[in-house]
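Working through the structure, step by step
So the chains spell out like this:
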Amino acid sequence: MSAAYEALRAEAGPPREARERPLLRVDLTTSSVAAGADGTLSRLRESIAARGLDVEIVRVGSLGLSFAEPTVELQRPGRLPVVYGPLPAEEVEDFLDAVLGTARSEAGGDDRRWAIGVRGGDGQAGEGQEGVPPLSAHPFWAPQQRRVMELMGVIDPESLSEALAGGRYAGLDRALEMEPRAICDLIEAAGVGGRGGGGFPAGRKWKFLLGAPGPDKYMLCNADEGDPGAFVNRILMESDPHLVIEGMAIAGLATGAERGVVYIRDEYPLSVARMQRAVDEAAAAGLLGGDLLGSGRAFRLEVVRGAGSYVCGEETGLIASLEGLRGMPKIRPPFPAQRGVFGLPSNVNNTETYAHVPPALLHGADWYREFGTEADAGTKMFSIGGALRRTGIVEVPFGSSMRELLEEIGGGVPDGGAAKGIQPGGPLGGLLNADDLGLDLERPPFTERGVLLGSGGLILFDERACAVDLALYFSEFCEDESCGRCTTCHGGSQRLVEMLGRITRGGGRAADLERLGVVDRTLQNANCLHGQFTPYAIRAALRHFREEVELHVLERRCPARACRGLIRHRVTDASDPALAEAAALCPTEAISGDDASGRAIDEAACVQCGLCAELAPAAVAVEDRFPVAAAAPA
């Protein structure tokens with residue numbers, strides 16, 4: 001450990017703990033704020049001040065427990081911390097009575113109403129609070145191996161001191177003692193692969209840039225995370241930004257690049273703010289800039305906000321955007337390592353890829369390969385959502401079972417429902433059916449089935465979802481996000497959306513089953529992966545849910561009753577009083593009549609939103625619009 005780094009660690013002090021007074025950690029990230037965490041934090045501060053309690057409150061990142069937001073963690077002196085949630089603002093007073101007030105001792109206040117588990121220790125129940133089980137026994141937490149996520153939800157992401165106290169920049173300190181090629185060799189031996197979906201070995205990719213003339217080179221961080229249902233990168237930047245910065249600085253040392261850019265999608269304002277603050281603090285401490293930790297070696301970093309284009313997630317599209325051009329992928333070669341941003345040699349890596357670099361370099365290749373598979377070493381962060389009891393962010397070894405991830409960690413479909421399929425890898429990733437839940441979470445099994453594992457977003461859907469409707473949704477997304485550079489992608493995605501839209505409105509033709517394949521094959525001639533992967537959703541639907549697609553085309557029926565053009569709503573009990581509320585809230589005023597005369601639905605005005613069936617399920621039936629099967633036109 002260098003003297004400069006030792007001095008920074010000493011100045012930072014020990015990790016924040018509840019030494020003389022209770023410590024409350026409050027998750028304040030985009031996900032938790034959406035669930036009301038900012039209100040919970042404000043109420044906690046107000047109530048603790050009003051009660052005159054000597055309690056320290058600190059904002060932290062996310063533990064990944066999205067299903068339990070807003071979450072808070074209480075640590076009392078000499079005790080292990082207890083994680084609580086969900087804790088809405090209106091329950092703060094009762095919570096404080098239970099955990100810190102006199103109610104606990106005099107009236108038997110019970111904190112188990114909110115308690116999730118005791119974090120840390122050796123997993124013995126009751127270590128942090130009597131009657132509260134260890135978090136390590138919780139099904140969401142137990143299978144995880146939290147390496148990259150080690151400090152998430154524990155430290156204040158806006159404090160360099162807390163990051164240093166947690167061990168951040170120790171990997172950079174070690175890298176400063178190593179030759180560039182030795183760093184590349186270690187990262188390659190560890191098997192750190194691209195976490196954006198490609199999986200290409202990071203160390204090998206860096207060697208391409210190392211061999212390019214320098215020092216005018218760039219390391220670029222692709223934080224343009226745009227896949228629906230994927231928020232791994234956002235959680236990383238909002239919870240442990242210094243880990244990403246440290247990984248980028250090490251990559252700069254490994255390649256001879258002295259400049260770096262973090263490109264963050266503009267829809268992530270909190271990520272932008274926290275990354276910028278972290279960069280400023282690191283530069284002020286000598287961890288970035290022209291003289292890293294007094295070594296004489298340089299790496300400067302800046303944060304750039306994206307312009308909202310999905311195709312900027314493709315590395316050459318990102319480079320074009322950084323250059324001030326319209327975000328459009330470039331034709332390769334030349335590759336970025338030869339001619340990248342501003343015509344200079346560049347490397348682009350995913351946010352999570354950089355986050356894996358410091359622990360791999362610090363602990364070595366053998367340690368890193370303790371988890372994972374031959375094809376994909378180490379651990380992987382996943383965001384899990386959709387029809388799940390428990391949604392959130394987890395970190396598990398590559399090779400773990402997808403069934404364990406979604407059914408055990410995620411809790412499976414709520415209310416005893418049945419899983420129908422999985423949507424992995426974003427809108428370009430395709431679809432899988434429920435039989436594929438047993439797949440191992442590594443790239444090869446997914447590729448063999450014609451889908452992508454992607455950057456870590458996994459969405460489970462149940463029988464209420466329609467494969468054709470999903471294919472249309474993702475195709476519309478891809479059409480809207482096409483940069484328009486090549487006619488193949490622009491025009492091909494339009495034709496795909498037109499056909500699928502017509503099918504979901506009851507206008508399917510028998511020839512569509514073949515024409516969809518024709519459009520698919522044509523799109524493979526698109527200039528970039530965006531166009532080539534656009535038909536993955538309908539391709540997978542035809543492969544895994546062909547019978548359902550054929551019912552839409554040939555019989556004009558949607559078994560899931562999800563395609564609005566193939567269903568109708570009809571009042572079956574005009575006297576049901578619940579219809580009054582439905583009529584008042586109907587967006588098109590399609591429900592006519594009154595309590596005395598009875599109510600009916602005007603089919604011409606109805607947009608099949610389903611609100612009436614939700615509010616008055618006993619009075620409104622959802623039926624096939626075309627109840628009599630008829631052969632589809634050719």
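Residues numbered from 1 in each chain as written. Predicted model: local features only at pLDDT ≥ 70, side-chain atom pairs only at ≥ 80, totals over all residues. Heavy atoms only, no water.

With that settled, the discussion passes to the nonpolar core. Ranked by internal contacts, the top residues of the largest apolar core, which has 61 residues, are F382, I384, M402, L405, L406, L441 and L458. If you tally residues by element for this core, the top one is helix 18 (residues 467-481), at six residues. The next biggest cluster of nonpolar side chains, apart from the first, holds 55 residues, and it includes A12, V244, F299 and A365. (Core = buried A, V, L, I, M, F, W, Y, C linked by side-chain atoms within 4.5 Å. Buried < 20%, exposed > 50% of the residue type's maximum accessible area, 1.4 Å probe, protein only. Helix = DSSP H or I, 4+ residues; strand = E, 2+ residues; numbered from the N terminus.)

A separate point is the environment of E158. As for its placement among the helices and strands, E158 is situated in the loop between strand 5 (115-118) and helix 6 (160-165). Beyond its immediate stretch of four places on either side in the chain, E158 contacts R59, R274, R277 and E281. A polar contact of 3.2 Å, which involves the side chain of E158, links it to the side chain of R274. (Contact = heavy atoms within 4.5 Å. Polar contact = N/O pair within 3.5 Å; in protein donor to acceptor, adjacent residues only side chain to side chain.)

When cut into domains, the protein gives domain 1 (17-137), domain 2 (160-367), domain 3 (379-462), domain 4 (467-555) and domain 5 (564-631). Its C-alpha centre places domain 2 at a distance of 27 Å from the equivalent point of domain 3. Across the boundary between the two partners, domain 2 contributes 16 residues, which contact 18 residues of domain 3. Overall, the association of domain 2 and domain 3 removes approximately 1300 Å² of surface from exposure, summing both partners, and the carbon and sulfur fraction of that is 61%. Of all residues in domain 2, the largest losses of buried area upon contact with domain 3 belong to R195, F231 and V232, amounting jointly to 32% of the total for that side. In this assembly, domain 2 and domain 3 are joined by one salt bridge. For K380, the salt bridge identified is with E352, shortest N-O distance 2.6 Å. Applying the counting criterion to the domain 2 and domain 3 interface returns six residue pairs in polar contact (both at pLDDT 80 or more). Of all the elements in the fold, those that place two or more residues in the side of domain 2 that touches domain 3 are helix 10 (232-239) and helix 14 (351-363). Among the elements that make up the side of domain 2 that touches domain 3, the one with the highest residue count is helix 10 (three residues). Among the residues making up the side of domain 2 that touches domain 3, the classes are represented as seven nonpolar, six polar and three charged. (Domains from an automatic or database assignment. Buried area = accessible area lost by both parts, 1.4 Å probe. Salt bridge = Lys/Arg side-chain N within 4 Å of Asp/Glu carboxyl O. Nonpolar A, V, L, I, M, F, W, Y, C, P; charged D, E, K, R; others polar.)

Here the focus is the sheet that holds strand 1 (residues 23-27). Sheets are built from strands paired through backbone hydrogen bonds, the pairs being either parallel or antiparallel. A sheet is described by the order of its strands in space; here five strands give the open sequence 2-1-3-4-5, paired in mixed fashion. Each edge of the open sheet is held by one strand with a lone partner, namely strand 2 (56-60) and strand 5. Looking at each pair of strands side by side, their axes are set apart by 20° on average, direction ignored. Sheet topology places strand 3 (residues 72-75) next to strand 4 (residues 82-84); three bridges connect them, and they run antiparallel. (Pairing = 2+ DSSP bridges. Axes fitted to C-alpha atoms, helices over the stretch in contact; angles between N-to-C directions.)

Looking now at the packing of helix 8 (residues 180-190) against helix 11 (residues 241-255). For the pair helix 8 and helix 11, interaxial distance at closest approach is 6 Å and the crossing angle is 120°. In terms of their interaxial angle, helix 8 and helix 11 are classed as oblique. On the side of helix 8, the interface is formed by P180, I183 and C184, while helix 11 contributes I250, L253 and A254. Taken together, the residues that form the contact of helix 8 with helix 11 break down as six nonpolar, no polar and no charged. (Parallel < 35°, antiparallel > 145°, perpendicular 65-115°, else oblique.)

Time to look at the environment of L432. Structurally, L432 can be placed in strand 13 (residues 432-433). For L432, a relative accessible area of 0% corresponds to the buried category. Each C-alpha atom, one on L432 and one on A537, is 9.4 Å from the other, the two residues being 105 residues apart in sequence. With near-sequence residues (within four places) excluded, L432 lies in contact with M402, K420, G421, I422, P424, L439, F446, R449, V451, F461, H544 and F545.

Let us now look at the pattern of salt bridges. Applying the stated criterion across every chain yields a total of 44 salt bridges. Note that K330 is salt-bridged to E323, the shortest N-O span being 2.8 Å. We classify K330 as partly exposed; its relative accessible area is 30%. For E323, a relative accessible area of 21% gives the class partly exposed.

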